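Geometric and topological summary
Listed below, chain by chain, are the residues.
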Amino acid sequence: MATGLPFDDVLAAAQAGAGWAFEVLYRDLAPSVTGYLRLHGAAEPDDLASETFIGVFTGLSGFTGDEAALRGWVFTIAHRRLVDDWRRRSRRPQLADEPGDLTTFIGGDVEDDVLTRIGADTVQELCGLLPEDQRSVLLLRILADLTIEQVADVMDRSVASVKALQRRGLRSLRDRIETSAEISGATAHPYEPARR
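Below or above, wherever it landed, is the structure these notes cover. Remember, predicted model here, so these are calculated numbers, not experimental data.

Scanning all chains against the criterion turns up 7 salt bridges. R174 is the partner of E178 in a salt bridge, and the nearest nitrogen-oxygen pair spans 4.0 Å. Taken together, the residues span about one helical turn, with E178 and R174 both in helix 8 (residues 159-188) at a distance of 4 residues. For R174, a relative accessible area of 45% puts it in the partly exposed group.

What follows concerns unusual backbone geometry. Trans is the prevailing form of peptide bonds, just as negative phi is the prevailing case for residues other than glycine. In this structure, D145 is a non-glycine residue whose phi angle is positive, near 60°. We classify D145 as exposed; its relative accessible area is 56%. Within the chain, D156 stands out as a residue other than glycine whose phi angle is a positive 55°. Take D156: it is sitting in the loop between helix 7 (148-155) and helix 8.

The interhelical angle for the contact between helix 1 (residues 7-15) and helix 2 (residues 19-39), taken along N-to-C directions, is 125°, at an axis separation of 7 Å. Our classification of the angle between helix 1 and helix 2 gives oblique. Helix 2 is crossed by helix 1, and the crossing has left-handed handedness. Judged by residue contacts, F7, V10, A13 and A14 of helix 1 engage W20, A21, F22, V24 and L25 from helix 2. Class assignment for the residues of the contact of helix 1 with helix 2 results in 9 nonpolar, no polar and no charged.

Enumeration over the complete set of coordinates arrives at 5 aromatic pairs. Each residue in the set F22, Y26, F53 and F57 is aromatic and connected to the rest through ring pairs, giving one cluster.

The first and last C-alpha atoms of helix 3 (residues 45-59) sit 21 Å apart over 15 residues, in line with the 21 Å expected at 1.5 Å per residue. Burial in helix 3 covers these residues: P45, L48, A49, T52, F53, G55 and V56. End-on view of helix 3: buried residues confined to an arc of 155°, all on one side of the axis. Along helix 3, the residues that are exposed and aim more than 90 degrees away from the buried face are I54 and T58. Those residues of helix 3 hidden inside the fold are in contact with helix 2 and helix 4 (67-91).

Moving on, we come to the packing of helix 2 against helix 4. In contact at an axis separation of 11 Å, helix 2 and helix 4 are set at 40° when each is read in the N-to-C sense. Overall, the two elements helix 2 and helix 4 adopt an arrangement that is oblique. The chirality of how helix 2 crosses helix 4 is right-handed. The segment helix 2 lies against helix 4, with L25, D28, L29, S32, V33, Y36 and L37 engaging E67, L70, R71, V74, F75, A78, H79 and L82. Considered class by class, the residues forming the contact of helix 2 with helix 4 number 10 nonpolar, 2 polar and 3 charged.

In this structure, V33, L37, L60, L70, F75 and L140 are the most contacted members of the largest nonpolar core, which totals 43 residues. Put simply, the parts of the chain that give this core at least two residues each are helix 1, helix 2, helix 3, helix 4, helix 6 (132-142), helix 7 and helix 8. For this core, the leading source of residues is helix 2, giving 10 residues. Excluding its chain neighbours within four sequence positions, the residues that come into contact with F75 are S32, V33, Y36, L140, A144, L146 and V154.

Procedures and definitions
Residues numbered from 1 in each chain as written. Predicted model: local features only at pLDDT ≥ 70, side-chain atom pairs only at ≥ 80, totals over all residues. Heavy atoms only, no water. Salt bridge = Lys/Arg side-chain N within 4 Å of Asp/Glu carboxyl O. Helix = DSSP H or I, 4+ residues; strand = E, 2+ residues; numbered from the N terminus. Buried < 20%, exposed > 50% of the residue type's maximum accessible area, 1.4 Å probe, protein only. Axes fitted to C-alpha atoms, helices over the stretch in contact; angles between N-to-C directions. Parallel < 35°, antiparallel > 145°, perpendicular 65-115°, else oblique. Left-handed = near helix turned anticlockwise from the far one by under 90°. Contact = heavy atoms within 4.5 Å. Nonpolar A, V, L, I, M, F, W, Y, C, P; charged D, E, K, R; others polar. Phe/Tyr/Trp six-rings, centres within 6.5 Å; stacked < 30°, edge-to-face > 60°. Expected span 1.5 Å × (residues − 1). Arc of directions from axis to C-beta. Core = buried A, V, L, I, M, F, W, Y, C linked by side-chain atoms within 4.5 Å.

Encoded structure:
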């Protein structure tokens, strides 16, 4: 926890209704929850994250467990909100918004902004190529920092199934990255013979 207070104290304060404790929990978990939802292609990841935390804060009084259990519980709620969103969107067509004035998104350091954007785009592109269940496992393991057992609980699958999905997902990502590196290596130096 960022406050330096023990997790149990922050949790007890949040369960008693202390606003500062809710804020601590939110600041600690919201970035990874929003990232998880965004990388899963949620149309409105910030809105779904808000819905997730409304569910967390309304159910927090009945929660028991440690920090890892809270993290798993929060991502269970986020995953369920995501599935609900997919179902809702599949029933009705979505209209694309106008991009608006993009000059309002001027950053500080252009080089940093570009490198950050390329990294995020690459991760999103690679994750988008994976089957949904493999993508969920990898994002919950890496982004949410959940254990295999917690991911199994979130996805309502067996531990063995989650391990297999993780192994296949990582193998698929590795193969795609190696293929991409070979292609970019071949096109980056057209006058050099391709290494084999």
